[in-house]
Amino acid sequence: MRISRLFVFFLLACPFLSVAQEAKISSHFGIKIGPSLTRLTVSGITPNIPKQKIDYHLGGMYRFRYNRFVVQPELLYSAKGGTFQAVRVGGKVTTKNNYAYISVPLLLGYIPTEGITLQVGPEFSYALNSGTATGPGKRNDVGIVFGAHYDFLDMLDKFSLHLRYIHGLNNVAPPSDPALAVNYRNQVLQLSMVYNFYKKKK
């Protein structure tokens with residue numbers, strides 16, 4: 001009787017054992033760098049003409065994969081801000097903002113097909129130049145990230161490409177503007193080249 005119970009248990013456990021063996025689990029570190037297209041959406045000043053500027057970002061990431069799901073925290077230096085013209089008393093005034101952040105995106109991803117990962121998650125940023133003439137008025141900013149990750153193949157299989165959009169949620173107006181009841185929010189489009197530290201596929 002005991003042998004038959006063990007046999008039944010073995011038959012029931014086989015499907016779960018096979019799933020566990022087929023589970024795809026991997027993790028690795030990577031470094032990334034690339035250009036950012038940044039701007040500030042401004043409300044409270046009418047009319048205003050937002051302008052985009054090209055900045056940059058660089059840093060590192062850790063990528064953990066379980067089957068088709070990915071967890072990817074990162075640590076980045078990210079330049080943000082933007083330039084805009086506003087009509088005030090006396091004519092048009094051009095404002096230039098150069099925000100320097102240490103940013104920590106915490107991304108969740110799903111792999112619909114091998115080589116492509118769709119990602120979403122929050123990004124927490126700490127301003128290094130808060131309170132300066134061209135810096136943000138608040139040290140902390142929180143954004144929502146939407147993006148995609150693409151893995152190259154063959155000879156470039158250690159490289160990946162990241163494309164993402166970051167929409168800031170906090171008012172980061174500089175110190176001189178809160179009294180004017182204006183709201184600045186970061187908007188960033190990033191393109192990154194990533195070098196992955198894992199063994200090359202044979």
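In this text, all values refer to a predicted model and were calculated from it rather than measured experimentally.

Engineer: It is not clear to me how the overall build of the protein should be interpreted in this structure. Could you clarify?
Structural biologist: Per the secondary structure count, the protein includes one helix and nine strands. Counting only residues that meet the buried cut, the protein has 37% of its 202 residues in that class. Partitioning the contacts of the protein with sequence separation of at least 6, the portion at a separation of at least 24 is 64%. Of the roughly 11900 Å² of accessible surface on the protein, a fraction of 68% belongs to carbon and sulfur atoms.

Engineer: Explain the pattern of salt bridges to me, please; I cannot follow it from the model alone.
Structural biologist: Close approach of charged atoms allows side chains with opposite charge to pair. Taken as a whole, this structure holds six salt bridges when the rule is applied. The partner of lysine 24 in a salt bridge is glutamate 114, and the shortest N-O contact between them spans 3.8 Å. Here glutamate 114 lies in the loop between β5 (91–113) and β6 (116–127) and lysine 24 lies in the loop between α1 (2–22) and β1 (25–43), a separation of 90 residues in the sequence. By relative accessible area, which is 42% here, lysine 24 ends up partly exposed. Between lysine 53 and aspartate 55 there is a salt bridge, and its shortest N-O distance comes to 2.8 Å. Judged by relative accessible area, which is 14%, aspartate 55 ranks as buried. Put simply, Lys24, Arg65 and Glu114 are held in one network by salt bridges that share partners.

Engineer: Could you clarify how one ought to interpret the packing of aromatic side chains in this entry?
Structural biologist: How two aromatic rings sit relative to each other is given by the distance of their centres and the angle of their planes. Using the criterion set out here, one finds seven aromatic pairs in the structure. Between tyrosine 56 and tyrosine 77 the ring centres are 5.7 Å apart and the planes differ by 40°, which places this aromatic pair in the tilted class. Here tyrosine 56 is found in strand β3 (residues 53–66), whereas its partner tyrosine 77 is found in strand β4 (residues 69–88), with 21 residues between them in sequence. Note on tyrosine 56: relative accessible area 41%, which makes it partly exposed. Relative to tyrosine 101, the ring of tyrosine 99 lies with its centre 6.3 Å away and its plane at 85°, an arrangement referred to as edge-to-face. Here tyrosine 99 matches tyrosine 101 in class, with each residue buried.

Engineer: What is the right way to read unusual backbone geometry from this model?
Structural biologist: It is generally the case that most residues other than glycine have a negative phi and that most peptide bonds are trans. Here the phi dihedral of asparagine 67 falls at roughly 55°; this positive angle occurs in a residue that is not glycine. Position of asparagine 67 among the secondary structure elements: in the loop between β3 and β4. Even without glycine at this site, aspartate 154 takes up a positive phi of about 60°. Note on placement: aspartate 154 falls in the loop between β7 (140–151) and β8 (159–168).

Engineer: How do you make sense of the nonpolar core when you look at a structure like this?
Structural biologist: Considering soluble globular proteins, one finds that nonpolar side chains tend to be buried as a cluster. Counting 10 residues, the largest nonpolar core is built from Leu40, Val42, Phe84, Tyr99, Tyr101, Ala127, Val172, Ala173, Val182 and Tyr184. If you list the elements that add at least two residues to this core, you get β1 and β5.

Engineer: Can you help me understand the environment of glutamine 190 in this one?
Structural biologist: With respect to the element layout, glutamine 190 can be found in strand β9 (residues 183–197). A relative accessible area of 1% places glutamine 190 in the buried class. In this structure, the C-alpha to C-alpha distance between glutamine 190 and threonine 38, residues 152 residues apart in sequence, is 8.5 Å. Discounting residues that sit within four places of it in the chain, glutamine 190 has contacts with Pro35, Ser36, His57, Ser78, His162, Leu163, Arg164 and Ile166.

Conventions we followed
- Residues numbered from 1 in each chain as written.
- Predicted model: local features only at pLDDT ≥ 70, side-chain atom pairs only at ≥ 80, totals over all residues.
- Heavy atoms only, no water.
- Helix = DSSP H or I, 4+ residues; strand = E, 2+ residues; numbered from the N terminus.
- Buried < 20%, exposed > 50% of the residue type's maximum accessible area, 1.4 Å probe, protein only.
- Contact = heavy atoms within 4.5 Å.
- Areas by Shrake-Rupley, 256 points an atom, 1.4 Å probe, with all protein chains shown as cover.
- Salt bridge = Lys/Arg side-chain N within 4 Å of Asp/Glu carboxyl O.
- Phe/Tyr/Trp six-rings, centres within 6.5 Å; stacked < 30°, edge-to-face > 60°.
- Core = buried A, V, L, I, M, F, W, Y, C linked by side-chain atoms within 4.5 Å.

Geometric descriptors of this kind do not, in isolation, establish any biological role.
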